[in-house]
Amino acid sequence: ALISATDAAEHLRDPSWVFCDCRHDLADYSAGYRAYRSGHIPGARFLHLDVDLSGPKTGLNGRHPLPHPATFCLRLGALGIDNSKQVVAYDDSGGPFAARLWWMMRWLGHQNVAVLDGGWAAWSRAKLPYTVEQPQFPSAMFAGKPQPQLSIDSSQVLAQLTDPHSKIIDARAPDRFRGENETLDPVAGHIPGATNRFFKSNLGEDGCFKPQAVLRKEFEALVNGTPQSVIHQCGSGVTACHN
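Notes on the structure in this doc start here. (Residues numbered from 1 in each chain as written. Predicted model: local features only at pLDDT ≥ 70, side-chain atom pairs only at ≥ 80, totals over all residues. Heavy atoms only, no water.)

1. A short note on the nonpolar core
Working step 1: In this structure, Phe-72, Ile-81, Leu-101 and Met-105 are the most contacted members of the largest nonpolar core, which totals 28 residues.
Working step 2: When residues of this core are traced back to their parent elements, those giving at least two are β2 (17–21), α3 (69–78), β4 (86–90), α4 (96–107) and β5 (113–116).
Working step 3: A total of nine residues in this core trace back to one element, the largest contributor, which is α4.
Working step 4: With sequence-adjacent residues up to four places away left out, Met-105 is seen in contact with Phe-72, Leu-76, Ile-81, Val-87, His-110, Val-113 and Phe-142.
Working step 5: Counting residues in hydrophobic clusters, the runner-up holds 18 residues, among them Ala-8, Trp-17, Ile-41 and Trp-123. (Core = buried A, V, L, I, M, F, W, Y, C linked by side-chain atoms within 4.5 Å. Buried < 20%, exposed > 50% of the residue type's maximum accessible area, 1.4 Å probe, protein only. Helix = DSSP H or I, 4+ residues; strand = E, 2+ residues; numbered from the N terminus. Contact = heavy atoms within 4.5 Å.)

And the structure:
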């Protein structure tokens, strides 16, 4: 699920590995692509959160609804990604946008996908290669099938609100969880019974994920045992992937 910058760099010339640049700024639609054009990991494909990692909005399906599985498979194939590829996703925001791609590929049954630990900052700190050149690659065919155990809709969440064996973990910042400073969504507050775990709590001071043992201890304390189901949730389905 995670790979260090130095380990990932060993596969820069491996044709079975594909790097995906998922940099994004929720307040600036084109910021991620501008960052990509100014420098990216050699060979990396750019995926935009709103264009590639989300489907059309209807007004009832949230800010970043999932695309149709067939549409997303076609997009991956157009980027030269088939089912044999090891995918490494990165961003420059601590990992939430890269985690969205990581989760979506696993949602379609693709296990060979990882998040670059520390993202673009870790790659830059290690003084690893970068380029402004646009990659050239042949199209491919990606076949995926949604895994039903990895997603849940709002009606299913509502049905589980009083289930003592279910736990909802909200990945948003604490102030938004409390209903304060809400600037993104029309309704402030949180789902009844949810527990707050800000996704940035998963990171150490260096911007990389905390050690596995530390994360396990912190999440075990959150769920207070082992519920039969844990539902990860946020404002639009992005930072929840980080948790």
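2. Quick notes on the packing of aromatic side chains
Working step 1: For the coordinates displayed, the defined rule picks out eight aromatic pairs.
Working step 2: The interplanar angle of 25 degrees and the centroid separation of 6.1 Å between the aromatic rings of Tyr-33 and Tyr-36 together place this pair among those described as stacked. One end of the pair, Tyr-33, and the other, Tyr-36, are both in helix α2 (residues 31–38), three residues apart, so they sit about a helical turn from each other.
Working step 3: Since its relative accessible area comes to 34%, Tyr-33 is described here as partly exposed.
Working step 4: The class of Tyr-36 is buried, set by a relative accessible area of 2%.
Working step 5: Each ring, one from Trp-120 and one from Tyr-130, has its centre 6.4 Å from the other, and the planes form 80 degrees; the classification is edge-to-face. (Phe/Tyr/Trp six-rings, centres within 6.5 Å; stacked < 30°, edge-to-face > 60°.)

3. Looking at the sheet that holds strand β3 (residues 45–46)
Working step 1: Across the sheet, which stays open at both edges, the five strands sit in the order β1-β5-β4-β2-β3 with parallel pairing between neighbours. Of all the strands in the sheet, the pair left with one neighbour each is β1 (2–3) and β3.
Working step 2: Here β1 runs beside β5; their pairing, made up of two bridges, is parallel. The partner of Leu-2 across the bridge, within β5, is Val-115.
Working step 3: Against the sheet, α4 contacts β2, β4 and β5, and its axis sits at roughly 170 degrees relative to β5. (Pairing = 2+ DSSP bridges. Axes fitted to C-alpha atoms, helices over the stretch in contact; angles between N-to-C directions.)

4. A closer look at unusual backbone geometry
Working step 1: One non-glycine residue with positive phi stands out, namely Lys-127, at about 55 degrees.
Working step 2: In this structure, Asn-181 takes a positive phi of about 55 degrees despite not being glycine.
Working step 3: Take Asn-181: it is sitting in the loop between α7 (174–177) and β7 (195–196).

5. Regarding the sheet that holds β7
Working step 1: Spatial ordering of the open sheet is given by β7-β6-β8, a layout of three strands whose pairing is parallel. If you trace the sheet from one side to the other, it starts and ends with β7 and β8 (229–233), each paired once.
Working step 2: Pairing of strand β6 (residues 166–170) with β7 involves two bridges; the strand directions are parallel. Residue pairing for β7: Ile-169 is matched across the bridge by Thr-195.

6. Considering helix α8 (residues 212–223)
Working step 1: Between its terminal C-alpha atoms α8 stretches 16 Å, which fits the 16 Å expected from twelve residues at 1.5 Å a residue.
Working step 2: On its buried face, α8 is in contact with β6, β7 and β8.
Working step 3: Immediately downstream of α8, the backbone of Asn-224 shows phi near 55 degrees, a positive value. (Expected span 1.5 Å × (residues − 1).)

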